[in-house]
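What follows is the residue order along each chain.
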Amino acid sequence: MDTNHQPKIVLITGGSRGIGKSIALHAAKRNIGVIITYNKNPELGNDVANTINRNGGKAITLHLDTSDTASFTSFASQVRQDLKSNWGREDFDYLVNNAGIAQRSLIADTTEEIFDELVNVNFKGVFFLTQKLIPLVIDGGQIINISSGLARFAFPGVAVYGALKSALESLTRYFAKEYAARKIRVNSVAPGAIDTEFGGGKGNESQRAQVTAMTALGRLGNADDIGGFVASLLSDDSRFVNAQRIEVGGGVYI
Ligand SMILES: NC(=O)c1ccc[n+]([C@@H]2O[C@H](COP(=O)([O-])OP(=O)(O)OC[C@H]3O[C@@H](n4cnc5c(N)ncnc54)[C@H](OP(=O)(O)O)[C@@H]3O)[C@@H](O)[C@H]2O)c1
């Protein structure tokens, strides 16, 4: 039983579109206050927050480039200030590291520039942002890292991306280990192929048919398949789930 009746608050990176937007909307439906970050699309981030606020929830937006580690100290101070002015507290309950970028290059064509950008957004940024924000996460809070089915199986054209998601799943367990004393749970959720604009979308009809064919439930996922599930984890009902990788992909490559 959850004895702390203070409204919960989640910070979601990359909440302006796709999966992050869906997590934000589903969290708000569960009466969780939402801090959404956007990078290049402030108007989309604001639309998500406005929708939540219009429907009786509470959401604010902040700019964040998760590859810009130098900005993280001031971002954390901004979060603290905004928590105080909007919710009257200086900590929050859940961090969802969702922001990510895709790769579309075979190993032979992958430049150092592509490699570094992928590392900075999908791995280094997650590490240092979590390091900077975790002092603001309550004891007993939860961190969810959005991984990928591609951490488990290989596809041509996404080698660095897939390897970094595997690394993120490993990092998930290390954070769970080092922050166990504070009872902070750290889990990763690994979506299968989800129909968002990620990496320019899910390709042509034949590529979509290929993904559908290898998925037991016989379809691509949509953002709400992930958003609803992640929001359901943001509760005391998942209190004994820790250091886990949970794949949400309709049974892909089984
Ligand atoms: N779609 C899939 O098939 C799939 C499958 C498995 C895992 N995933 C993972 O799910 C997560 C979300 O993917 P999605 O499909 O929702 O992608 P998406 O539709 O492309 O949305 C990406 C989100 O991340 C933000 N973002 C991108 N680069 C950023 C940066 N440098 N700093 C901060 N925010 C940044 C974007 O913000 P702006 O628009 O404001 O720039 C946007 O809100 C990613 O971690 C991805 O790896 C996706």
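Look a little higher up for the structure.
What counts, and where the lines are drawn
- Residues numbered from 1 in each chain as written.
- Predicted model: local features only at pLDDT ≥ 70, side-chain atom pairs only at ≥ 80, totals over all residues.
- Heavy atoms only, no water.
- Near = heavy atom within 4 Å.
- Polar contact = N/O pair within 3.5 Å; in protein donor to acceptor, adjacent residues only side chain to side chain.
- Areas by Shrake-Rupley, 256 points an atom, 1.4 Å probe, with all protein chains shown as cover.
- Phe/Tyr/Trp six-rings, centres within 6.5 Å; stacked < 30°, edge-to-face > 60°.
- Buried < 20%, exposed > 50% of the residue type's maximum accessible area, 1.4 Å probe, protein only.
- Core = buried A, V, L, I, M, F, W, Y, C linked by side-chain atoms within 4.5 Å.
- Helix = DSSP H or I, 4+ residues; strand = E, 2+ residues; numbered from the N terminus.
- Contact = heavy atoms within 4.5 Å.

> Please explain the site of the ligand as it appears in this structure.
Taken together, 31 residues surround the ligand, and among them R17, K40, N98, Y161 and T196 come closest. With respect to the ligand, the side chain of R17 contributes an N or O atom lying 2.7 Å from an oxygen atom. N41 is positioned with one of its side-chain polar atoms (N or O) 2.8 Å from an oxygen atom of the ligand. Expressed as a share of its isolated accessible area of 900 Å², the protein-covered part of the ligand is 95%.

> Would you explain the packing of aromatic side chains in this entry?
Aromatic ring pairs are described here by two measures, namely the spacing of the ring centres and the angle between the planes. Overall, the coordinates contain seven aromatic pairs when judged by the stated rule. Each ring, one from F127 and one from F128, has its centre 4.8 Å from the other, and the planes form 75°; the classification is edge-to-face. For F128, a relative accessible area of 30% corresponds to the partly exposed category. Seen from their ring centres, F155 and Y253 are 6.1 Å apart, and the 45° between their planes marks the pair as tilted.

> Explain the nonpolar core to me, please; I cannot follow it from the model alone.
Most often, soluble globular proteins have nonpolar side chains that are buried together. Residues L11, I35, F75, V79, L83, F92 and L133 are the most contacted members of the largest nonpolar core, which totals 27 residues. If you list the elements that add at least two residues to this core, you get β1 (9-12), β3 (59-63), α3 (72-87), β4 (92-97), α4 (112-133), β5 (137-146) and α5 (159-178). Considering each element in turn, this core owes the most residues, six residues, to α3. Beyond its immediate stretch of four places on either side in the chain, L83 contacts I9, I35, G88, R89, E90, D91 and F92. Residues Y94, V96, I194 and L233 belong to the second largest nonpolar core, which totals 25 residues.

Taken by themselves, the reported measurements are silent on function.
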